[in-house]
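# Structural overview for review
In case you want the letters, here they are:
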Amino acid sequence: MSDFPYPILYQSQRLVVIDKPAGLPVHPGPKTTHSVEALFPLLSRRKDGPWLVHRLDADTSGCLMIALRKQALIEAQALFASGQIHKTYWAVVGKAPVKNEGVIDTPLRKVTTKEGWHMAPHADGQKAVTAWRVLSRGQGRGLMELTLLTGRTHQARVHCAVLGCPIIGDDRYGGGAGALHLMSRSLDATLTTEQVSARAEPSDTFSRTCHDFSLTLP
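What comes next is a walk through the structure.

Calculation notes
Residues numbered from 1 in each chain as written. Predicted model: local features only at pLDDT ≥ 70, side-chain atom pairs only at ≥ 80, totals over all residues. Heavy atoms only, no water. Helix = DSSP H or I, 4+ residues; strand = E, 2+ residues; numbered from the N terminus. Buried < 20%, exposed > 50% of the residue type's maximum accessible area, 1.4 Å probe, protein only. Contact = heavy atoms within 4.5 Å. Phe/Tyr/Trp six-rings, centres within 6.5 Å; stacked < 30°, edge-to-face > 60°. Lys NZ or Arg CZ within 6 Å of the ring centre and 35° of its normal. Polar contact = N/O pair within 3.5 Å; in protein donor to acceptor, adjacent residues only side chain to side chain. Core = buried A, V, L, I, M, F, W, Y, C linked by side-chain atoms within 4.5 Å. Pairing = 2+ DSSP bridges.

Tracing the chain through its elements places aspartate 170 in the loop between α3 (155–162) and β11 (182–190). Exposure remark for aspartate 170: the relative accessible area of 0% places this residue in the buried category. Among residues more than four places away in sequence, those in contact with aspartate 170 are Arg157, Gly175, Gly176 and Leu180.

Here it is as structure tokens:
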């Protein structure tokens, strides 16, 4: 794995957690062939893998778990599905919330329009719960830690918007243009054979924005 171009945050014979950079999709698409999946041969030459255990948006950086063995994939995905994997995100929001911490319990569902699709709050949507706290404040902005208690698509992004604090660079949910300031900071999981613990460091862009707004990174 020494040829892998991005930091490996955790590694065993069964699982790997990489630090995915912002802008890199997990799947190849019609507009790009470069993706996490395209790099799989650098992680393992086995015919039966690797596999993505979960997904991150292309513009979200940080911890991404990849299974090198089928049994590890099945076990880890079951832990994700049952909410037994501890996931925290960091986000820089354009407007800091009034309170210092709280819980957002707002169901979400996918809405498709002529312009594309997005996730939206809806009483009949899937249950989505995010615990949050403010890590730092500066110039009206905030550095927030988000603990995702469920794993819905765009959950962190929509819940920040619901709170009235859209993430900087999230043009889909009211945060304006530019780089999306959202990262998967940490991932912890207890499997039958191993304890996975991974921490990603903020990108240069994320750190620079924090510095410019006088937000202190822990």
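From this point, the narrative continues.
Taken as a whole and assessed by the stated rule, the structure comprises one aromatic pair. On the basis of an interplanar angle of 80 degrees and a centroid distance of 6.1 Å, the ring pair of phenylalanine 4 and tyrosine 6 is categorised as edge-to-face. Exposure remark for phenylalanine 4: the relative accessible area of 7% places this residue in the buried category. The cationic tip of lysine 110 hangs over the ring face of tryptophan 117; the distance from NZ or CZ to the ring centre is 4.7 Å. For arginine 172, the ring lying beneath its charged end belongs to tryptophan 117, and the centroid distance is 4.9 Å.

Locating serine 136 in the fold gives a position in strand β9 (residues 129–138). At 2.8 Å, the side chain of serine 136 forms a polar contact with the backbone nitrogen of threonine 216. When neighbours within four sequence positions are excluded, serine 136 is seen to be in contact with Arg141, Gly142, Leu143, Ser214, Leu215 and Thr216.

So, on to the nonpolar core. Among the nonpolar cores identified, the biggest contains 29 residues, and Val36, Leu146 and Leu182 are the most heavily contacted of them. Those elements that provide at least two residues to this core are β2 (15–20), α1 (40–43), β4 (61–67), β5 (86–93), β9, β10 (141–148) and α3. If you look at the next biggest cluster of nonpolar residues, it comprises 28 residues, including Leu143, Ile168, Leu191 and Phe213.

Now for the pairing of β2. Of all six residues that make up β2, six are buried, and the element is covered over most of its length. Judged by which residues are buried, β2 turns out to be covered on both faces: Leu15, Val17 and Asp19 on one side and Val16, Ile18 and Lys20 on the other are all buried. Pairing geometry for strand β1 (residues 8–11) and β2, over three bridges, is antiparallel. Along β2, the bridge assignment pairs tyrosine 10 with valine 17. Following β1, the chain reverses through three residues before pairing antiparallel with β2. Where β2 lies against β4, six bridges are found, and the strand directions are antiparallel. Paired with isoleucine 18 across the strands is leucine 64, a residue of β4.

Function cannot be read off these values alone, since they describe shape.
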